Amino acid sequence: MKIIIGNKNYSSWSLRGWLAAKQSGVSFEEIVVPLFGENWEATRQGGEIQPSHGKVPLLWDDEIVVWDSLAMLEYLADKVGRDRFWPKDDTARGMARSMVAEMHSSYQALRSECPMNVRKRFDGFEPSEACKADILRILGLWAEARSRFGSGGPYLFGTFGAADIFFAPVVSRFISYQIPVPGFAAAYMQAIWEHDWMKAWIEASENEEWVIEQYETVS
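Overview of the structure.

Definitions and limits used
- Residues numbered from 1 in each chain as written.
- Predicted model: local features only at pLDDT ≥ 70, side-chain atom pairs only at ≥ 80, totals over all residues.
- Heavy atoms only, no water.
- 1 Å grid on protein atoms, 1.4 Å probe; cavity = no way out; pocket = protein on both sides within 12 Å on 5 of 7 lines; lining within 4 Å.
- Points joined across faces, edges and corners; volume = space filled by probe spheres on them.
- Helix = DSSP H or I, 4+ residues; strand = E, 2+ residues; numbered from the N terminus.
- Nonpolar A, V, L, I, M, F, W, Y, C, P; charged D, E, K, R; others polar.
- Pairing = 2+ DSSP bridges.
- Axes fitted to C-alpha atoms, helices over the stretch in contact; angles between N-to-C directions.
- Contact = heavy atoms within 4.5 Å.
- Salt bridge = Lys/Arg side-chain N within 4 Å of Asp/Glu carboxyl O.
- Buried < 20%, exposed > 50% of the residue type's maximum accessible area, 1.4 Å probe, protein only.

**Examining the layout of surface pockets**
There is about 650 Å³ of room inside the largest pocket. The wall of the largest pocket is formed by 21 residues, among which Ser11, Ser12, Trp13, Leu35 and Val56 lie closest to the centre. Counting only elements with at least two residues in the lining of the largest pocket, the list comes to helix 1 (12-24) and helix 2 (40-45). Residue composition of the lining of the largest pocket, grouped by class: 11 nonpolar, five polar and five charged. Of the volumes computed, that of the second largest pocket is approximately 210 Å³. Lining the second largest pocket are 17 residues; nearest its centre among them are Trp86, Pro87, Lys88, Phe157 and Thr159. Broken down by secondary-structure element, the contributors of at least two residues to the lining of the second largest pocket are helix 4 (90-105) and helix 7 (162-176). Residue contributions to the lining of the second largest pocket peak at three residues, all from helix 7.

**A word on the sheet that holds strand 2 (residues 29-32)**
Ordered in space as 2-1-3-4, the four strands form an open sheet in which the pairing is mixed. With one partner strand each, in any of the chains shown, strand 2 and strand 4 (64-67) form the two edges of the open sheet. This sheet shows a mean twist of 20° between the axes of neighbouring strands, independent of strand direction. Pairing of strand 3 (residues 58-61) with strand 4 involves four bridges; the strand directions are antiparallel. By the bridge assignment for strand 4, tryptophan 60 is matched with valine 65. Here helix 1 sits on the sheet and contacts strand 1 (2-5) and strand 2; the angle it forms with strand 1, its principal contact strand, is near 160°. Those strands touched by helix 3 (residues 69-80) are strand 1, strand 3 and strand 4, and its axis lies near 135° from that of strand 4.

**Here's the deal with the pattern of salt bridges**
Under the defined criterion, the tally for this structure stands at 12 salt bridges. With a shortest N-O distance of 3.8 Å, lysine 120 and glutamate 216 are connected by a salt bridge. Of the two residues, lysine 120 is situated in the loop between helix 5 (108-113) and helix 6 (129-149) and glutamate 216 in the segment after helix 9 (196-207); the sequence distance between them amounts to 96 residues. For lysine 120, a relative accessible area of 28% puts it in the partly exposed group. For glutamate 216, a relative accessible area of 16% corresponds to the buried category.

This is how it looks when you write it as structure tokens:
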């Protein structure tokens, strides 16, 4: 099995796909394709990322190809057992699925105003009202998940799972743009940031040579 991802410093969807692959416990080859480089247009039109129309991440498992981070997570859950990714309790699992789906489809203001940049710390960022609403919604979901289902550990539903995988890039954004958060959220973010897989991703991000200028300044 192999997964193809973009620059670790910038590609939030790649982080989700990569964490899903790590959570599966299946060994895989990792291929990094620099986004928006001089050969990017040619790269995305052919070869192994052509099935996704040039988008990352995507997963190859022998002749099976799966793209989109949520589809990758679900494919891997089918492959290794769904309990590895989702809470066993029906009520908790329902909320976790809803949170993951909402993360997958929503928060456009946060995405556009706060592109992921693991290495960077932005001073003086002022979110728009729409971005503030996204932030408050996310913090509310985190609070509910932690209070109702988080007693078994430091993550949203206690143990590390699909919801944490999908909100890991949000943690990175909140840190990079120095978003003020309440204590429970700071503790959760610290748990994500100090997870061994996240530490490996952060270290790799810091060692990357590629720079995408449009994601290096606050608009």
